[in-house]
Amino acid sequence: MKKNVLLVGGRSKAKSLALSLIQKGYKVTVVNEDSSDCRRLADLDKFPVFEGDGSKPFVLEDAGAKDADIAIALTSKDEDNLVVCELCKKKFNVPKTVALLSDPLKTDFFHMVGIDSVVCAISAVTSIIEQQAFIEEMAKVIPLVEGRVQILEIPITSGDFAAGRQVCEMNLPDEAVIACILRGDKSLIARGGTRILAGDKLVLISAGSQGEAAINELKGGSIE
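Novice: What exactly am I supposed to notice about the overall build of the protein here?
Specialist: Secondary structure assignment for the protein yields seven helices and ten strands. Looking at the protein alone, contacts between residues at least 24 apart form 58% of all its contacts between residues at least 6 apart. Roughly 12700 Å² of accessible area belongs to the protein as shown, and the carbon and sulfur atoms make up 52% of that amount.

Below you can see the structure in the form of structure tokens.
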């Protein structure tokens, strides 16, 4: 059965996201407050479009919020996105809510009040910049020659040597680098003082056969 996604606001973002979700097999409904935007969206003839303020319960009800599996608030105002997600979650029992956020300082608050996922453009751009800077630095250490580099994803359990230790405590081979740490829905840059936790997944880049030696260190604390 196709999952139902309710998109609220977003203007051009709603169009792009809706078409992408439909291609992936989702059923999409769009709510938009702007009449001209609604007409353009309706002309696509790909999904139902409802005109109205998505922060009003009766508008969400008309759009079938009670049948949605996912609600995504894309308006330009953080406070409106908060209200939309709160209504969808608490009044219409939507299982998963997603809010677009312009102020990264509000991220913790949005999670605290029960919004499942928060997407902040500023935080995303910052993360990309940090990762790119790290990759450029890493490229000076590891010769990225085609066919000679391995990229490994290594899950860390509570019994592994790396669990609870800082990256700088790991005695990795010279040509093996922990590129980043996947922790839940977050991606962390692996710096020397970053502590590795059970449940993390480490993205390791290694040259030649150094990947196996690095895994031995992370898992058992010994390099052969």
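Novice: How do you make sense of the sheet that holds strand E5 (residues 96–101) when you look at a structure like this?
Specialist: Within a sheet, each strand pairs with its neighbour through backbone hydrogen bonds, oriented either parallel or antiparallel. Within the open sheet, the six strands sit side by side as E3-E2-E1-E4-E5-E6. Their pairing is parallel. This sheet does not close on itself; its edge strands, each paired only once, are strand E3 (49–51) and strand E6 (117–120). For this sheet, the mean angle separating the axes of adjacent strands, direction not counted, is 15°. As judged from the five bridges shared by strand E1 (residues 4–8) and strand E2 (residues 27–32), these two strands associate in the parallel manner.

Novice: Is there a simple way to think about the packing of aromatic side chains in this case?
Specialist: Geometry of an aromatic ring pair is reported as the spacing of the ring centres plus the angle between the planes. In the structure shown here, the tally under the stated rule is one aromatic pair. Between phenylalanine 109 and phenylalanine 110, the ring centres sit 6.4 Å apart and the planes meet at 70°, which makes this aromatic pair edge-to-face. Take phenylalanine 110: its relative accessible area is 2%, and that puts it in the buried class. For the cation-ring pair, lysine 91 lies above phenylalanine 92, with the distance from its terminal atom to the ring centre recorded as 5.8 Å.

Novice: Even after reading the chapter, I still don't get the sheet that holds strand E10 (residues 201–207), so can you show me in this structure?
Specialist: With respect to topology, four strands assemble into an open sheet ordered E7-E10-E8-E9, the strand pairing being antiparallel. Single-partner strands in this sheet number two, and they are strand E7 (149–155) and strand E9 (186–189). Strand-to-strand twist across the sheet, computed as the mean angle between neighbouring axes with direction ignored, equals 25°. In terms of strand pairing, E7 meets E10 through seven bridges, oriented antiparallel. Looking across to E10, one finds that leucine 152 is bridged to leucine 204.

Novice: It is not clear to me how the pairing of E9 should be interpreted in this structure. Could you clarify?
Specialist: On any regular strand, side chains alternate: one points to one face of the sheet, the next to the other face. Of the pairings in the sheet, the one linking strand E8 (residues 176–183) to E9 comprises four bridges and is antiparallel in character. Note on E9: the bridge partner recorded for isoleucine 181 is leucine 188. Counted between consecutive antiparallel strands, the loop separating E8 from E9 contains two residues, among which glycine 184 sits at a positive phi close to 65°.

Novice: What am I meant to see in unusual backbone geometry here?
Specialist: Excluding glycine, a negative phi dihedral is what most residues carry, and trans is how most peptide bonds are arranged. A positive phi angle, close to 55°, is found at aspartate 45, a residue other than glycine. Examined against the element boundaries, aspartate 45 turns out to sit in the loop between helix H2 (35–43) and E3. Relative accessible area serves as the criterion here: at 69%, aspartate 45 is assigned to the exposed category. Notably, asparagine 93 is not glycine yet its phi reads approximately 55°, a positive angle. Note on placement: asparagine 93 falls in the loop between helix H4 (78–90) and E5.

Cut-offs used in this document
Residues numbered from 1 in each chain as written. Predicted model: local features only at pLDDT ≥ 70, side-chain atom pairs only at ≥ 80, totals over all residues. Heavy atoms only, no water. Helix = DSSP H or I, 4+ residues; strand = E, 2+ residues; numbered from the N terminus. Contact = heavy atoms within 4.5 Å. Areas by Shrake-Rupley, 256 points an atom, 1.4 Å probe, with all protein chains shown as cover. Pairing = 2+ DSSP bridges. Axes fitted to C-alpha atoms, helices over the stretch in contact; angles between N-to-C directions. Phe/Tyr/Trp six-rings, centres within 6.5 Å; stacked < 30°, edge-to-face > 60°. Buried < 20%, exposed > 50% of the residue type's maximum accessible area, 1.4 Å probe, protein only. Lys NZ or Arg CZ within 6 Å of the ring centre and 35° of its normal.

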